[in-house]
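Here is what each chain is made of, one letter per residue.
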Amino acid sequence: MKYNKAYEKEGKFEDYLTYLESIKQKLPKDVFDFVSDFNRHNFSEQSLHDGWIKSFECCSDFEAGTTDITLTLLGAYFDREFKFYFKKVSQYAISQHISDMDRDLITFEIGLEENEEEEDALVFRAKFSGEETYIEIYFQKIQIDECLK
């Protein structure tokens, strides 16, 4: 993780909140509210911590030159799903193990930085419990839905 180091021994969630405040104007209000909510990062039912990837769908429109990604995470208590809709994706990487020990989500973040084409983009990162298990998506627009089962 580049911005949210709360999971590290010396890391503090407050440092990530300070960073989010600095990019608040670039984030939709509902997205800012979601990622800055401590309950999305702790061990509560609303948290993504210990969640699993349920689905990852990548759709490219080659004529329009656009790519969209839908990521669905199953909550740790299996009582909800978190759906992330990424629009106008410029790059992504995913490395995931299937074993139960390796697929628990440890932490996630949203930041603002340049993509490989040196364009400003939002970036979503998620780190999982296995070695080198992560997701990284650079995008222009995002929508997050929480669905109770």
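To be clear, the structure that these remarks concern was listed above.
All of the points below concern the structure found in this document. (Residues numbered from 1 in each chain as written. Predicted model: local features only at pLDDT ≥ 70, side-chain atom pairs only at ≥ 80, totals over all residues. Heavy atoms only, no water.)

### Focus on the environment of Phe86
What counts is decided by this rule: Strands here are runs of E lasting at least two residues and helices are runs of H or I lasting at least four, both read from the DSSP assignment and numbered beginning at the N terminus. Whether a residue is buried, partly exposed or exposed follows from its accessible area with a 1.4 Å probe, protein chains only, as a fraction of its type maximum: under 20%, in between, or over 50%, in that order. The contact rule is simple, with two residues in contact once any of their heavy atoms fall within 4.5 Å.
Tracing the backbone through its elements, the reader meets Phe86 in strand 3 (residues 80-87). Taking the relative accessible area as the measure of exposure, Phe86 reaches 0% and is therefore buried. Through-space distance from the C-alpha of Phe86 to that of Ala126 is 14 Å; in sequence the pair is 40 residues apart. Non-local contacts of Phe86, meaning those with residues more than four positions away in its chain, are made with Thr67, Asp68, Ile69, Leu71, Phe124, Ile137, Phe139, Lys141 and Ile142.

### A look at the sheet that holds strand 2 (residues 66-74)
Put simply, the test is: Here, strands pair whenever DSSP counts at least two bridges between them. Here an axis means a line fitted to C-alpha atoms, over the contact stretch when the element is a helix, while the angle between two N-to-C directions is reported on a 0 to 180 degree scale.
The antiparallel open sheet is built from four strands, whose spatial order is 1-2-3-8. Both outer strands of the open sheet, strand 1 (52-61) and strand 8 (141-148), are each paired with one neighbouring strand and no more. Shown here is a sheet whose adjacent strand axes are inclined to one another by a mean of 15°, direction ignored. Two elements, strand 3 and strand 8, share eight bridges in a ladder whose sense is antiparallel. Among the inter-strand pairings, Tyr85 is bridged to a residue of strand 8, identified as Gln143.

### Focus: the packing of aromatic side chains
Inclusion rule: In this scheme Phe, Tyr and Trp rings, the latter by its six-membered ring, pair at centre separations within 6.5 Å, and the angle between planes marks the pair as stacked below 30 degrees, edge-to-face above 60, and tilted otherwise. The criterion is that NZ of a Lys, or CZ of an Arg, lies within 6 Å of the ring centre and within 35 degrees of the ring normal, and then a charge sits over that ring.
Within this structure, the stated rule accounts for 13 aromatic pairs. Judged by centre distance (6.1 Å) and plane angle (85°), the rings of Phe34 and Phe84 are edge-to-face. Taken together, the positions of Phe34 in helix 2 (residues 29-36) and Phe84 in strand 3 put the pair 50 residues apart, joining distant regions of the chain. For Phe84, a relative accessible area of 0% puts it in the buried group. Plain terms: the ring middles of Phe84 and Phe124 are 5.1 Å apart, the flat faces sit at 45° to each other, and that makes the pair tilted. Here Phe124 lies in strand 6 (residues 120-128) and Phe84 lies in strand 3, a separation of 40 residues in the sequence. No difference in accessibility class separates Phe84 from Phe124, as the two residues are buried. A connected cluster of aromatic rings, assembled from ring pairs, spans Phe34, Phe82, Phe84, Phe86, Phe108, Phe124 and Phe139. In this structure, Arg103 is placed above the aromatic ring of Trp52, and the distance from its NZ or CZ to the ring centre is 3.6 Å.

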